[in-house]
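# Notes for the structure review
Each chain, written out:
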Amino acid sequence: MPRRTTLPALAVTALLALTTGCSAGSTAAAHEGTTTVTLALDWTPNTNHTGIYVAQQKGWFKDAGIDLKIVPYGSTAPETLVANHKADFGISYQEGVTTARAAGQDITSVYAVTQRTNVTVAVRADRSDIGSPKDLDGKTYAGFGAPYEKPLLERVIRNAGGRGGFRQVSLNTSAYAALYAGKADFAMPMPTWEGLEAKLVGKPLKDFRLSDYGFPAIYSTLVASSDRFLHQHPALARAFLAAVDRGYRYAAGHPDRAAGLLVAANRSVLTNTRLVKESERLLAKEYYKGADGTIGTQSAARWKAFADFEYRAGLLTDANGRKLTKAPDTTSFFTNAYLPDTK
């Protein structure tokens with residue numbers, strides 16, 4: 001499940017002009033007693049999306065009067081579709097929403113799928129010469145080309161006692177394959193997918209968690225919407241998120257059953273059922289719930305900490321592509337207002 005890069009604000013209009021297959025959403029149109037709601041995926045179906053498919057398979061969206069249309073991942077990022085009102089909701093992540101919202105785009109995070117940062121710095125398990133991120137100085141990093149990767153890794157390495165200097169190459173294969181092929185020394189895979197896959201194929205990884213080296217926690221997977229949709233359809237947004245929340249709570253409590261429902265809805269894509277089940281178990285055990293047991297909620301402190309990091313790294317720009325001259329106010333970047341009153 002590769003991380004996506006977020007499109008610059010100036011590229012949005014041109015790209016949307018080329019988008020044809022995903023432009024019918026965001027109308028909240030009534031049809032045969034239900035209301036159509038569109039959700040744009042950030043990648044092919046995977047365990048980050050389990051709660052969505054559980055709710056769909058269980059009929060919980062229909063029970064709420066919603067005809068859910070899942071928009072497959074394509075050439076246009078979900079953040080772009082949501083911000084330009086071509087989709088009602090989209091699967092995103094904190095960096096994507098932060099970058100887009102700072103540039104003035106209409107996007108707001110409404111549900112945190114994962115409460116724990118779902119990405120680590122990883123090396124081959126047999127690299128005895130790398131016992132800490134400080135040992136990554138001078139090594140080669142294989143990444144996805146997202147702007148935040150370099151300053152993030154520099155900070156982690158420095159906090160571990162290193163200088164923060166390393167080489168970069170772009171991944172054209174899985175992270176563990178690149179590491180075992182000797183193309184790179186370290187990468188940032190998702191422990192809930194590539195980390196498990198690496199172990200299952202006999203190429204295990206050794207992980208260093210970002211939070212252990214002073215990097216702020218990140219909402220790695222979330223559901224986003226637009227202020228326009230939320231203000232125009234508040235009851236519909238609450239009904240949608242109630243079904244979503246029910247789906248993820250079911251996944252947290254019944255990971256094997258949830259994995260089965262996810263696979264049943266996506267048999268042509270999810271052929272490695274063992275990996276899906278192992279991933280779902282790990283998410284249920286360590287990622288869906290916060291330390292206080294909450295699911296779906298977001299904190300102002302976490303949004304501010306990450307935006308402050310991106311601002312200091314010079315990664316945030318306005319709608320005209322100019323770097324921000326002060327850290328953004330992130331209180332509008334997210335909301336818990338549409339979540340069901342469930343603990």
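## Comments concerning the side chain of Ser-225
Here Ser-225 shows up in strand 11 (residues 222-225). Within the structure, Ser-225 has its side chain in polar contact with the backbone oxygen of Asp-88 (distance 2.8 Å). Aside from chain neighbours lying at most four places away, what touches Ser-225 is Val-82, Asp-88, Phe-89, Asp-106, Ile-107, Thr-108, Val-110 and Leu-230.

## Thoughts on the nonpolar core
In terms of nonpolar packing, the biggest core is built from 47 residues, with Leu-39, Phe-61, Phe-89, Tyr-111, Val-223, Phe-240 and Tyr-288 touching the most fellow members. Setting aside anything within four residues of it in sequence, one finds Phe-240 in contact with Val-37, Leu-39, Phe-61, Ile-66, Leu-68, Phe-89 and Val-223. Judged by nonpolar contacts, the second largest core, of 25 residues, contains Tyr-148, Val-156, Ala-160 and Met-188.

## A closer look at the packing of helix 2 (residues 50-58) against helix 10 (residues 234-253)
Each packed pair of helices is defined by two parameters, the angle between the axes and the distance between the axes. Direction vectors running N to C along helix 2 and helix 10 enclose 105 degrees, while the axes themselves pass 7 Å from each other. Accordingly, the angle class assigned to the pair helix 2 and helix 10 is roughly perpendicular. Of helix 10, the residues touching helix 2 (which contributes Thr-50, Gly-51, Ile-52, Val-54, Ala-55 and Lys-58) are Ala-243, Val-244, Gly-247, Tyr-248, Tyr-250 and Ala-251. The residue makeup of the contact of helix 2 with helix 10, split by class, is eight nonpolar, three polar and one charged.

## Some remarks on the environment of Val-97
Examined against the element boundaries, Val-97 turns out to sit in helix 5 (residues 94-102). Here Val-97 is in contact with Ser-92, Ile-107, Ser-109, Leu-222, Ala-224, Trp-303 and Phe-333, once residues within four sequence places are set aside.

## Digging into the pairing of strand 4 (residues 89-92)
Neither face of strand 4 is exposed, since Phe-89 and Ile-91 on one face and Gly-90 and Ser-92 on the opposite face are all buried. As defined by bridge partners, strand 2 (residues 34-40) adjoins strand 4 across two bridges and the pair is classed as parallel. Across the sheet, Leu-39 pairs through a bridge with Phe-89, a residue of strand 4. Pairing analysis gives four bridges linking strand 4 to strand 11, with the strands arranged antiparallel. Following the sheet pairing, Gly-90 is matched in strand 11 by Ala-224.

## Regarding the environment of Gly-33
One can find Gly-33 in the loop between strand 1 (30-31) and strand 2. Overall, the relative accessible area of 79% leaves Gly-33 in the exposed class. For the pair formed by Gly-33 and Ile-66, sequence separation is 33 residues and the distance between their alpha carbons is 8.8 Å.

## Some thoughts on the packing of aromatic side chains
Under the definition given, this model contains 16 aromatic pairs. Consider the rings of Trp-60 and Tyr-250, whose centres lie 6.1 Å apart with planes at 70 degrees: the pair is edge-to-face. Here Trp-60, found in helix 3 (residues 60-63), pairs with Tyr-250, found in helix 10; they are 190 residues apart in sequence, far enough to count as distant. A relative accessible area of 14% places Tyr-250 in the buried class. Relative to Phe-333, the ring of Trp-303 has its centre 6.4 Å away and its plane inclined at 80 degrees; by these criteria the two rings are edge-to-face. One end of the pair, Trp-303, is in helix 13 (residues 300-312); the other, Phe-333, is in the segment after helix 13, with 30 residues separating them in the sequence. Residue class for Phe-333 comes out buried when judged on its relative accessible area of 3%. Ring pairing ties together the aromatic residues Phe-61, Phe-89, Phe-229 and Phe-240, which thus form one cluster. Taking the ring centre of Tyr-287 as reference, the NZ or CZ of Arg-116 above it sits at 5.5 Å. Sitting above the plane of the Tyr-219 ring, Arg-302 keeps its charged end 4.2 Å from the centroid.

## Here's the deal with the pattern of salt bridges
The tally for this structure, following the rule as stated, stands at 13 salt bridges. In this structure, Lys-150 engages Glu-154 in a salt bridge whose closest nitrogen and oxygen atoms are separated by 2.4 Å. With Lys-150 and Glu-154 both in helix 6 (residues 149-159), this residue pair falls four residues apart, about one helical turn. Lys-150 gets classed as partly exposed once you look at its relative accessible area, which sits at 37%. Across the pair Arg-209 and Glu-286 runs a salt bridge, and its minimum N-O distance is 3.8 Å. Note that Arg-209 is positioned in strand 10 (residues 205-209) and Glu-286 in helix 12 (residues 273-286), a separation of 77 residues in sequence.

Thresholds applied
Residues numbered from 1 in each chain as written. Predicted model: local features only at pLDDT ≥ 70, side-chain atom pairs only at ≥ 80, totals over all residues. Heavy atoms only, no water. Helix = DSSP H or I, 4+ residues; strand = E, 2+ residues; numbered from the N terminus. Polar contact = N/O pair within 3.5 Å; in protein donor to acceptor, adjacent residues only side chain to side chain. Contact = heavy atoms within 4.5 Å. Core = buried A, V, L, I, M, F, W, Y, C linked by side-chain atoms within 4.5 Å. Buried < 20%, exposed > 50% of the residue type's maximum accessible area, 1.4 Å probe, protein only. Axes fitted to C-alpha atoms, helices over the stretch in contact; angles between N-to-C directions. Parallel < 35°, antiparallel > 145°, perpendicular 65-115°, else oblique. Nonpolar A, V, L, I, M, F, W, Y, C, P; charged D, E, K, R; others polar. Pairing = 2+ DSSP bridges. Phe/Tyr/Trp six-rings, centres within 6.5 Å; stacked < 30°, edge-to-face > 60°. Lys NZ or Arg CZ within 6 Å of the ring centre and 35° of its normal. Salt bridge = Lys/Arg side-chain N within 4 Å of Asp/Glu carboxyl O.

Read these as geometric descriptors, not functional statements.
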